[in-house]
Amino acid sequence: MAIIEVSNLTKRYGERIVVEDVTFAVEPGEIFGVIGRNGAGKTTTVECISGLRTPDSGTIRVLGNDPQHDPAPLRRLVGVQLQESALQDKITVREAVDLFASFYPDPARPAQLIDELGLAASAKTQYAKLSGGQKQRLSIALALVGNPKIAILDELTTGLDPQARRDTWQLISQVRDRGVTILLVTHFMDEAERLCDRIAVIHGGRVAALDTPANLTAQVAAGQVLRFRTSSPADLAALRSLPSVTSVEDQDQELTVAGTQEALPQVITELSRQQLVPLNLRVDQANLDDAFIVLTGERA
Amino acid sequence: MNTHLLRSEFRLYFRDIAAIIFGLLLSPLILIILGAIPSFREAKPELGGQSVIALYVPTMIIMAIAMVAISTMPVQLALYRERGILRRLSTTPVRPKDLLLAQAAVQFAVLLMGSLAVLLLGWVAFGVALPGNPAAFALIYILCVAAMFGIGLMLASVSGSKTAQGIGSAVFFPLMFFAGLWVPVKVMPEALRTISSFTPLGAGVQALQDSAIGQWPQLLHIGVLLVWTALAWIGAIRMFRWS
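Residues numbered from 1 in each chain as written. Chains lettered and ligands numbered in written order. Predicted model: local features only at pLDDT ≥ 70, side-chain atom pairs only at ≥ 80, totals over all residues. Heavy atoms only, no water.

A.B. asks: In this structure, what is going on with the overall build of chain B? I would like to understand it.
C.D. replies: What chain B contains, in helices and strands, is ten helices and two strands. The order of α-helices and β-strands along chain B, N terminus first, is α-α-β-β-α-α-α-α-α-α-α-α. By the compact-globule yardstick of 18 Å for 243 residues, chain B fits well, its C-alpha radius of gyration being 18 Å. Across its three principal directions, the C-alpha atoms of chain B cover 60 × 35 × 30 Å. For chain B, the residues scored as buried account for 54% of the 243 residues in total. When the accessible surface of chain B is split by element, carbon and sulfur atoms take 73% of a total near 10,300 Å². Within chain B, the 8 negative side-chain charges are centred at a point lying 14 Å from the centre of the 16 positive side-chain charges. (Helix = DSSP H or I, 4+ residues; strand = E, 2+ residues; numbered from the N terminus. Rg over C-alpha atoms; globule rule 2.2 N^0.38 Å. Buried < 20%, exposed > 50% of the residue type's maximum accessible area, 1.4 Å probe, protein only. Areas by Shrake-Rupley, 256 points an atom, 1.4 Å probe, with all protein chains shown as cover. Lys, Arg positive; Asp, Glu negative; His and termini not counted. Charge placed at Lys NZ, Arg CZ, Asp CG, Glu CD.)

As structure tokens, then:
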């Protein structure tokens, strides 16, 4: 049975529809990713799941409870890391973790958690004096200190340096191994690819795709991705009409063309018909990044 | 009340030098300065045989209440909302209102210490008698705190911390004028004294002064305080936003 069920979720801010008819289910013990561009509706979706916002329509069940009407048990069982962590300036790391631990019936050991998150050296540092990365790790600690069944993590590694990101991924994997289900919001594709068992791609407030990272990649871009510049603007419509090409993205004059194994010769031929030469041409096997660009390339 | 939050708020309060000065030290300090003026310590027939400093003891207590209630506390509460601290708490088993309660309890406790310090200082240093009617004094004190905390909560409701600070200061000076901070209410012209009786702090200071010399306060002043308390709390409860 699913541990989080979202059905036909819709949320408007005034006239603007931010989340439209979103449906997905998260299975116990998995790391479920929600990815999408800025403003796609990811955060609003998880805020509805955390009970911080009231959906306009649709139903949400978390561990069988409705976060709107029966929030009390969920507050004990769901740990939430908000996009912006929020604490008093003068509270120290240790005090904050101890304080939050006191809110829960069966908390983790604060000292151990602080250690696992690499905060031992700054345990006595006041919140206002922490670096961005330390604040981020503290906010992860506060989400986990209640020994939750579900952890909702929004923009987990934003502001962390590469080493800290890797350490955090390691920690999240360990947390999952203890049986915690994780709902992860991110816009980092490497993070989603590395951590998530399944991913919902949110675009324009809707679920554009939902699958494992490998299947998402295969589904939209089985084959290769070509990246190049052209000496003058290319006729994108002609490129798109090639049978082997599945998508063409133009970002600051750099073209990203995804397609099958035949894409390379066909694209080169088409370009020379347009009397263009591909510059700085790179050919990659498709990854989640490419799948994401294809899935969110056009307005829904 | 969540005792962990309460302890935490207490600890944090005493890390903030500005809060300690305004909540705890400023009123006793001003009393010392005023008390250092010899003529202020003499009994004056036009003040009903009281000294100026004896009138200033209740005024300083009122000032401490006003400072905490319409400056320190609303700014703190608005900050807790602005920063998302209330929102963060709302995802835990603890309710955001527990933090507001803990914060108010800390502010009240510190205020009480400051007020006792003013009373003791007036008594020990300047020979001002302790309140002659302690029950009335305590009752009026509580009423003043209730009215002013309500007004402060209203300030924290309508605005962000910066605006709360601005409005707080703008409200503080007229309220304190009518509480006799610059000219004791007893020597104000009739018209001003009447206006004073209808302001929360004017009514409060006059009622405290009456209690200090052993009388029961006027019903008018008690009534005015009750009305302000009711209005402020109804307003605050209606207007308060959690995020």
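This is not the end of the story, as more comes after the structure.
A.B. asks: Mind showing me how you'd approach the interface of chain A and chain B here?
C.D. replies: In this complex, chain A contributes 24 residues to the contact, which on the side of chain B involves 23 residues. Summing the contributions of chain A and of chain B, the shared interface buries around 2,100 Å²; its carbon and sulfur component is 59%. Among the residues of chain A in contact with chain B, Arg 75, Gln 88 and Phe 103 of chain A are the three that bury the most area, contributing 29% of the side total. Here chain A and chain B share four salt bridges between them. Linking Arg 11 of chain B and Glu 95 of chain A is a salt bridge whose minimum nitrogen-to-oxygen distance equals 3.4 Å. In this structure, the connection of chain A to chain B is made through nine residue pairs in polar contact (both at pLDDT 80 or more). If you list the elements that add at least two residues to the side of chain A that touches chain B, you get α2 (71–77), β5 (78–81), α3 (93–101) and α5 (132–144) of chain A. Here the side of chain A that touches chain B gets three residues from one element, more than from any other, and that element is α3 of chain A. (Contact = heavy atoms within 4.5 Å. Buried area = accessible area lost by both parts, 1.4 Å probe. Salt bridge = Lys/Arg side-chain N within 4 Å of Asp/Glu carboxyl O. Polar contact = N/O pair within 3.5 Å; in protein donor to acceptor, adjacent residues only side chain to side chain.)

A.B. asks: Hey, could you run me through the domain arrangement of chain A in this one?
C.D. replies: Size of an interface: often given as the accessible area lost when the parts come together. All names here are of chain A. The assigned domain composition of chain A is domain 1 (4–211) and domain 2 (217–295). Inter-centroid distance (C-alpha atoms) of domain 1 to domain 2 is 36 Å. Counting residues at the interface gives twelve residues for domain 1 and nine residues for domain 2. Regarding the contact of domain 1 and domain 2, the summed buried area is about 810 Å², with carbon and sulfur atoms giving 70% of it. Sorting the residues of domain 1 by area buried against domain 2 places Arg 37, Met 189 and Glu 193 first, and these three jointly supply 56% of that buried surface. Here domain 1 and domain 2 share one residue pair in polar contact (both at pLDDT 80 or more) between them. Of all the secondary-structure elements, those providing two or more residues to the side of domain 1 that touches domain 2 are α7 (189–195), β8 (198–203) and β9 (206–211). Considering only residue class, the side of domain 1 that touches domain 2 consists of seven nonpolar, two polar and three charged. (Domains from an automatic or database assignment. Nonpolar A, V, L, I, M, F, W, Y, C, P; charged D, E, K, R; others polar.)

A.B. asks: What am I meant to see in the nonpolar core here?
C.D. replies: Among soluble globular proteins, nonpolar side chains are generally buried collectively. The biggest cluster of nonpolar side chains holds 117 residues, and the ones touching the most others in it are Leu 138 and Ile 182 of chain A together with Ile 61, Met 148 and Met 176 of chain B. In terms of residue count, helix α3 (residues 52–82) of chain B provides more of this core than any other element does, 20 residues in total. In terms of domain composition, this core takes at least three residues from each of domain 1 (4–211) and domain 2 (217–295) of chain A. Membership of the second largest hydrophobic core comes to 28 residues, among which are Val 18, Val 34, Val 62 and Ile 152 of chain A. (Core = buried A, V, L, I, M, F, W, Y, C linked by side-chain atoms within 4.5 Å.)

A.B. asks: Teacher, can you tell me more about the layout of surface pockets here?
C.D. replies: To find leftover empty space, one rolls a probe the size of a water molecule over the atoms. The computed volume of the largest pocket comes to approximately 650 Å³. Mapped onto the lining of the largest pocket, the elements with two or more residues apiece are α1 (3–13), α2 (17–35), α3, α5 (96–126) and α7 (161–178) of chain B. When residues in the lining of the largest pocket are grouped by element, the largest group, seven residues, is from α3 of chain B. Class assignment of the residues belonging to the lining of the largest pocket gives a composition of twelve nonpolar, nine polar and five charged. Each pocket or cavity is described by its volume, and for the second largest pocket that value is around 360 Å³. Lining the second largest pocket we find 20 residues, and of these Gly 51, Leu 52 and Arg 75 of chain A together with Ser 90 and Arg 95 of chain B sit closest to its centre. (1 Å grid on protein atoms, 1.4 Å probe; cavity = no way out; pocket = protein on both sides within 12 Å on 5 of 7 lines; lining within 4 Å. Points joined across faces, edges and corners; volume = space filled by probe spheres on them.)

A.B. asks: Just to check I follow, could you spell out the environment of Leu 210 of chain A for this structure?
C.D. replies: Relative to the elements of secondary structure, Leu 210 of chain A occurs in strand β9. A C-alpha to C-alpha distance of 38 Å links Leu 210 of chain A and Asp 98 of chain A, two positions 112 residues apart in sequence.

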